[in-house]
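# Residue-level structural notes
Each chain, written out:
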Amino acid sequence: MSISHAPPDSQEPDISDISQQVNSPGNAVGSDATPDATATGLEPIVPASSRRTRVPRWLRRTTGPVLLLILWQLLSVTGVLTPDVLASPGRIAQVAGDLIADGSLASAMTTSLQRVAGGLLLGTVIGTGLALVSGLFRVGEDIVDAPVQMLRTVPFVGLIPLFIIWFGIGEAPKIAIITLGVTFPLYLNVYAGIRGVDSQLIEAGESLGLSRWGLVRHVILPGALPGAMTGLRYSLGIAWLALVFAEQVNADSGIGFLMVQARDFLRTDVIVVCLIVYAFLGLLADFIVRTLERLLLQWRPTFTGR
């Protein structure tokens, strides 16, 4: 005697009915047909980023400066900005063309670049060397870090009179000012990068049999490289700032020399041209460092914005 657990009114489904439902339009399995969104009551999800109108990034980045130039020109044309306060963009472009044509701007840029390169090289060597000594060795930290932190709080501009007394009024004090401005940001970031390396990576390297130099070469220095690149970017910005002060110390060439002459003759157009050159050179240096950073730090995934 068999007992059935099926409801009294239920009946076995026919295999043919099931196959017809499966193979019906919109329910095809294993075929190329896709279910209709309206038939199923589902709406496709569209990312918010794809719903926005795509505007080229170069256009977005140039919109602000272009609007600023237009406003500047309008204020100059209407007389709100007089030439003795601030020259118009058209006048500045004309003066820049004249300085390029007579070669004075190119000569000044070459001299300024040489000063920045010399100060940046010395500052990079000194700052990185001190950071390695202080970051890799506790004894080095005890000896080096305290004096560096004390000197870091002293404004490097305030040391200009001492540099003039020590080095004279030639190129040496100018390069010394730039070197001092470059050293401290690089020291702080390289030191922080070394001390910020994960201790588990150090333990893993030791378990793999790496020597002390092997740990420094393969673990510590690569781990500190992001901080070093950040410090280099900061140092470049301060190098151009220090150059402005350095080239006003009895300079007879360079962009700062052109600015001093323009100040004496109340030439705001020449002053603005020199400031634009400073900004352009700083932007170019930052672009070079960022390109170098992308090449050296390809192993590090980063968020690039949305």
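Everything below is about the structure printed above this text.
The following paragraphs examine the structure supplied in this document. All figures in this text were calculated on a predicted structure; none of them were measured in a lab.

## Concerning the overall build of the protein chain
The helix and strand tally for the protein chain stands at 13 helices and zero strands. By the burial criterion, 30% of the 306 residues in the protein chain qualify as buried. The long-range fraction of contacts in the protein chain, counting pairs at least 24 apart against all pairs at least 6 apart in sequence, stands at 72%.

## Considerations on the side chain of Thr 268
When you line up the elements, Thr 268 lands in helix α13 (residues 268–296). Judged by its relative accessible area of 14%, Thr 268 falls in the buried class. A polar contact is formed between the side chain of Thr 268 and the backbone oxygen of Pro 83, at a distance of 2.9 Å. Residues contacting Thr 268, with those up to four places away along its chain left out, are Pro 83, Asp 84, Val 85, Leu 86 and Ala 87.

## Things to note about the pattern of salt bridges
By the definition in use, this model includes seven salt bridges. Where Arg 115 meets Glu 171, a salt bridge forms, and the shortest distance between an N and an O atom there is 2.8 Å. Taken together, the residues span a long stretch of sequence, with Arg 115 in helix α6 (residues 104–136) and Glu 171 in helix α9 (residues 171–195) at a distance of 56 residues. Classification of Arg 115 by relative accessible area gives buried; the value is 2%. What makes Glu 171 partly exposed here is its relative accessible area of 38%. A salt bridge links Arg 115 to Glu 247, with the nearest nitrogen and oxygen atoms 3.0 Å apart. Of this pair, Arg 115 sits in helix α6 while Glu 247 sits in the loop between α11 (212–246) and α12 (255–264), and the two are 132 residues apart along the sequence. Among the charged side chains, a network of salt bridges with common partners joins Arg 91, Arg 267 and Asp 269.

## What to know about the packing of helix α10 (residues 199–207) against α11
It is at 10 Å that the axes of α10 and α11 come closest, and there the two elements cross at 145°. Here α10 runs over α11; the crossing is right-handed. On the side of α10, the interface is formed by Leu 201, Ile 202, Gly 205 and Glu 206, while α11 contributes Leu 215, Val 219 and Ile 220. When its residues are assigned to classes, the contact of α10 with α11 shows five nonpolar, one polar and one charged.

## Section: the nonpolar core
With 53 residues, the main nonpolar core has Ile 177, Trp 240 and Ile 255 as its most contacted residues. Those residues in contact with Trp 240 that lie beyond four places of it in its chain are Leu 113, Val 116, Tyr 278, Leu 281, Gly 282 and Ala 285.

## Points about helix α4 (residues 57–77)
The terminal C-alpha atoms of α4 lie 31 Å apart, and with 21 residues this matches the ideal 30 Å at 1.5 Å per residue to within 8%. The sharpest bend along α4 comes to roughly 35°, located at Thr 63, with the proline Pro 65 sitting one to four residues further on.

## Re the packing of aromatic side chains
Per the stated rule, a full pass over the model turns up four aromatic pairs. With 6.0 Å between their ring centres and 55° between their planes, Phe 163 and Trp 166 make a pair best called tilted. Of the two residues, Phe 163 and Trp 166 both sit in helix α8 (residues 160–167), three residues apart, roughly one turn of that helix. We classify Phe 163 as buried; its relative accessible area is 8%.

Reading guide: rules and limits
- Residues numbered from 1 in each chain as written.
- Predicted model: local features only at pLDDT ≥ 70, side-chain atom pairs only at ≥ 80, totals over all residues.
- Heavy atoms only, no water.
- Helix = DSSP H or I, 4+ residues; strand = E, 2+ residues; numbered from the N terminus.
- Buried < 20%, exposed > 50% of the residue type's maximum accessible area, 1.4 Å probe, protein only.
- Contact = heavy atoms within 4.5 Å.
- Polar contact = N/O pair within 3.5 Å; in protein donor to acceptor, adjacent residues only side chain to side chain.
- Salt bridge = Lys/Arg side-chain N within 4 Å of Asp/Glu carboxyl O.
- Axes fitted to C-alpha atoms, helices over the stretch in contact; angles between N-to-C directions.
- Left-handed = near helix turned anticlockwise from the far one by under 90°.
- Nonpolar A, V, L, I, M, F, W, Y, C, P; charged D, E, K, R; others polar.
- Core = buried A, V, L, I, M, F, W, Y, C linked by side-chain atoms within 4.5 Å.
- Expected span 1.5 Å × (residues − 1).
- Bend = angle between axes of the 7 residues up to and from the residue.
- Phe/Tyr/Trp six-rings, centres within 6.5 Å; stacked < 30°, edge-to-face > 60°.

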